[in-house]
Amino acid sequence: MRQDLPKRSSSACARPWRGASACGRETVARKKTGKKKAKAAPPPDSPLLCLSELVGNQRPRRLLAAALMEGRLFPALLLHGPPGIGKFTTARAIAAAINCASPDGADACRQCPSCRKVAAWTHPDIKVLESAADAQAAGRPDFFPDAQAASRSDGRVSTRLLIGQVRRLLHETAFKPFEGGRRVFIIRHLESDPSMGCANALLKPLEEPPSGTSFILTSSRPELLPDTIRSRCQSLAFLPPSRDETAEFLAGRGIAPEEATLRAALSGGRPGAALSLDAEGGLGLRDGILAALDAAAGSGPMDAVTAAEELLPAVDQMPGLMELFALVARDIMVMPYDTQGRLITNQDRLPELKKLAAAIPPRRAARLLQRIEWCERALQRSVNASLMLQTLLLETGGHLPSEPLTTPWLGEEEAGA
Ligand SMILES: [Zn+2]
């Protein structure tokens, strides 16, 4: 049975995917590979994953593979879903497969010169548009550097996309592919520019991508993207894989089974987060979070403030602080309803979690989850982290009335978030 990618949400092109070219839009034709070859063993340490190797999300991967094989891949894709579940890895796998000299079905070979360049991020036709902070955190080159990215007063590089970066990308779209394949621009977190100037600058190229050029957008907050962007792209939703799938994937990447299980649990089953997790540091940090919550819930307000100060150094040391906080808060919220503890993520900390669940009612734990999500976004800005953690722990301990999730230091923009 043939499967088509879902129709675009836009009225800009009323025809289904298969007829996209009839709307004047180019679809991506891949190279004919001739007879199917036996799959060669990839380099054991290649950072490039093939479409068929990715964990979970069978449906979007199957649809993308079919579109690639049939030469009807839409030139503007939007892959969306929670962070760390493989959207960016999928985008890279697609970019590699399109340009691979010797693909196996929808999989790149990882052996040819093109694949090796994609693996090393040196392919002249495959580039990533992302904030300077994202590029730095991932250890990728900053493909579209902008002087303003490093001009923040606190010395950090920009966590947002800048219009100067987009202009550099637009300049590059004027050129034909250097290596005769297809130019692929992967655009991460376009929504990180709240002014939407970056999004507006990309409207035209997304509507009519230059010949031989594809755009793949990845986003964990697609609802923040303007409708005009979403309607120009073929959208595909990604969901977190199961923890077992993630543990199996990690074991396949050479991680010991016990550590793979722990990482899968601590990351909530998200393979990207699980791979980048510092398991030892994560466990120490989780102990710190449990101790801080215990102090906040079982003692007076001064203990909550002291606990917040003790956690403060972890804000910079461990970007996953809030993710771990959310896992613990979720366990506390679920605990009263899950007497067997089957839904509990932190299985090895059941006694501490039971004690916390007795002190923090589910309603307050749900509020804590909301506050953590808000803090995660606030931490991407120049927020007073000390005040933020104090508020979080004082609220959790019931020492503060629950205020609306807006505070003066973050400005009015987040009001009602
Ligand atoms: Zn190849």
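Residues numbered from 1 in each chain as written. Predicted model: local features only at pLDDT ≥ 70, side-chain atom pairs only at ≥ 80, totals over all residues. Heavy atoms only, no water.

Asks: Can you tell me about the overall build of the chain, naming the residues and giving the values?
Replies: Along its length, the chain carries 18 helices and five strands. Burial analysis of the chain (417 residues in total) assigns 51% to the buried set. Taking the intrachain contacts of the chain between residues at least 6 apart in sequence as the baseline, contacts between residues at least 24 apart amount to 73%. Total accessible area computed for the chain in this model is approximately 19,300 Å², and 54% of it derives from carbon and sulfur atoms. (Helix = DSSP H or I, 4+ residues; strand = E, 2+ residues; numbered from the N terminus. Buried < 20%, exposed > 50% of the residue type's maximum accessible area, 1.4 Å probe, protein only. Contact = heavy atoms within 4.5 Å. Areas by Shrake-Rupley, 256 points an atom, 1.4 Å probe, with all protein chains shown as cover.)

Asks: Go over helix H13 (residues 301–311), please, and point to the residues and values.
Replies: Those residues of H13 that sit buried are Ala 304, Ala 307, Ala 308 and Leu 311. Projected onto a plane normal to the axis of H13, the buried residues spread over an arc of 100° and lie on a single side. H13 presents Met 302 and Glu 310 as exposed residues on the side facing more than 90 degrees away from its buried surface. (Arc of directions from axis to C-beta.)

Asks: Describe in detail the confidence of the model for the chain, supporting the description with residues and values.
Replies: Across the chain, the average pLDDT comes to 81, with 82% of residues at 70 or higher. Across residues 1–24, where pLDDT falls below 50, the model places 47 contacts with residues more than four positions away in sequence or in other chains. Across residues 407–417, confidence stays below pLDDT 50; counting only partners more than four residues off in sequence or on other chains, it has 23 contacts. (pLDDT = per-residue confidence, 0-100.)

Asks: Which residues make up the coordination of the zinc ion, and what values go with them?
Replies: Every protein donor of the zinc ion is listed here as Cys 100 (SG), Cys 109 (SG), Cys 112 (SG) and Cys 115 (SG), and their distances to the metal cover 2.2 to 2.3 Å. Seen from the zinc ion, its four donor atoms lie at angles of 101 to 118°, and the figure they make is tetrahedral. (Donors = N, O, S within 2.8 Å, 3.2 Å for Na, K, Ca; no water. Tetrahedral: all angles 85-135°; square planar, octahedral: opposite > 155°, others 65-115°.)

Asks: I'd like a rundown of helix H17 (residues 362–378), residues and numbers included.
Replies: With 17 residues, H17 should reach 24 Å at 1.5 Å per residue; the first-to-last C-alpha distance of 24 Å fits that figure. Those residues of H17 that fall on the buried side of the exposure criterion are Ala 365, Arg 367, Leu 368, Arg 371, Ile 372, Trp 374, Cys 375 and Ala 378. (Expected span 1.5 Å × (residues − 1).)

Asks: I'd like a rundown of the pairing of strand E1 (residues 76–80), residues and numbers included.
Replies: Successive side chains on a regular strand alternate, one facing one side of the sheet and the next facing the other. Among the five residues that make up E1, five are buried, leaving the element largely enclosed by the rest of the structure. A two-sided burial pattern is seen for E1, the buried positions comprising Ala 76, Leu 78 and His 80 on one face and Leu 77 and Leu 79 on the other. Pairing geometry for E1 and strand E4 (residues 213–219), over five bridges, is parallel. Opposite His 80, over in E4, you have Ser 219 as the bridge partner. Here four bridges tie E1 to strand E5 (residues 234–237), and the two strands are oriented parallel to one another. Residue Leu 77 lies in a different strand from E5, and its bridge partner there is Gln 234. (Pairing = 2+ DSSP bridges.)

Asks: Can you lay out the packing of aromatic side chains for me, pointing to particular residues and giving the numbers?
Replies: All told, the structure shown has four aromatic pairs when counted by the stated rule. On the numbers, 5.9 Å between centres and 35° between planes, the contact of Phe 88 with Trp 121 is tilted. Note that Phe 88 is positioned in helix H2 (residues 87–99) and Trp 121 in the loop between helix H3 (113–120) and strand E2 (126–129), a separation of 33 residues in sequence. Here the two residues Phe 88 and Trp 121 agree in accessibility, since each one is buried. Between Trp 121 and Phe 143, the ring centres sit 6.0 Å apart and the planes meet at 65°, which makes this aromatic pair edge-to-face. Taken together, the residues Trp 121 in the loop between H3 and E2 and Phe 143 in the loop between helix H4 (132–138) and helix H5 (163–172) connect sequence positions 22 residues apart. With respect to burial, Trp 121 and Phe 143 carry one shared label: buried. Grouping aromatic residues by their ring pairs yields a cluster made of Phe 88, Trp 121 and Phe 143. In this structure, Arg 188 is placed above the aromatic ring of Phe 88, and the distance from its NZ or CZ to the ring centre is 5.0 Å. The lysine or arginine in question, Arg 371, covers the ring of Trp 374, its NZ or CZ lying 4.9 Å from the ring centre. (Phe/Tyr/Trp six-rings, centres within 6.5 Å; stacked < 30°, edge-to-face > 60°. Lys NZ or Arg CZ within 6 Å of the ring centre and 35° of its normal.)

Asks: So, the sheet that holds E2: which residues are in play, and what are the values?
Replies: Reading across the sheet, the five strands line up as E2-E3-E4-E1-E5 and stay open at both edges, with parallel pairing between neighbours. Whereas interior strands pair on both sides, the edge strands pair on one side only; in this sheet they are E2 and E5. Adjacent strand axes in the sheet meet at a mean angle of 20° when their direction is disregarded. Across the sheet, H5 lies against E2, strand E3 (183–188) and E4, angled at about 160° from E2, the strand it touches most. (Axes fitted to C-alpha atoms, helices over the stretch in contact; angles between N-to-C directions.)

Asks: Residues and numbers for the side chain of Arg 349, please.
Replies: Tracing the backbone shows Arg 349 in the loop between helix H15 (321–334) and helix H16 (350–359). The class of Arg 349 is buried, set by a relative accessible area of 18%. Among the polar contacts listed, one links the side chain of Arg 349 to the side chain of Asp 287, at a separation of 2.8 Å. Discounting residues that sit within four places of it in the chain, Arg 349 has contacts with Arg 286, Asp 287 and Leu 290. (Polar contact = N/O pair within 3.5 Å; in protein donor to acceptor, adjacent residues only side chain to side chain.)

Asks: Talk me through the nonpolar core; I want residue IDs and the actual numbers.
Replies: Counting 66 residues, the largest nonpolar core has Leu 51, Leu 190 and Leu 217 as the members making the most contacts within it. Sorting elements by how many residues they give to this core places H2 first, with eight residues. (Core = buried A, V, L, I, M, F, W, Y, C linked by side-chain atoms within 4.5 Å.)

Asks: How would you sum up unusual backbone geometry? Please name residues and give values.
Replies: Leaving glycine out, the prevailing phi sign among residues is negative, and the prevailing peptide bond configuration is trans. The backbone of Asn 57 sits at a positive phi, close to 50°, despite the residue not being glycine. Take Asn 57: it is sitting in the segment before helix H1 (58–69). Look at Asn 57 and you get buried, because its relative accessible area is 12%. Positive phi outside glycine occurs at Trp 121, with the angle close to 60°.

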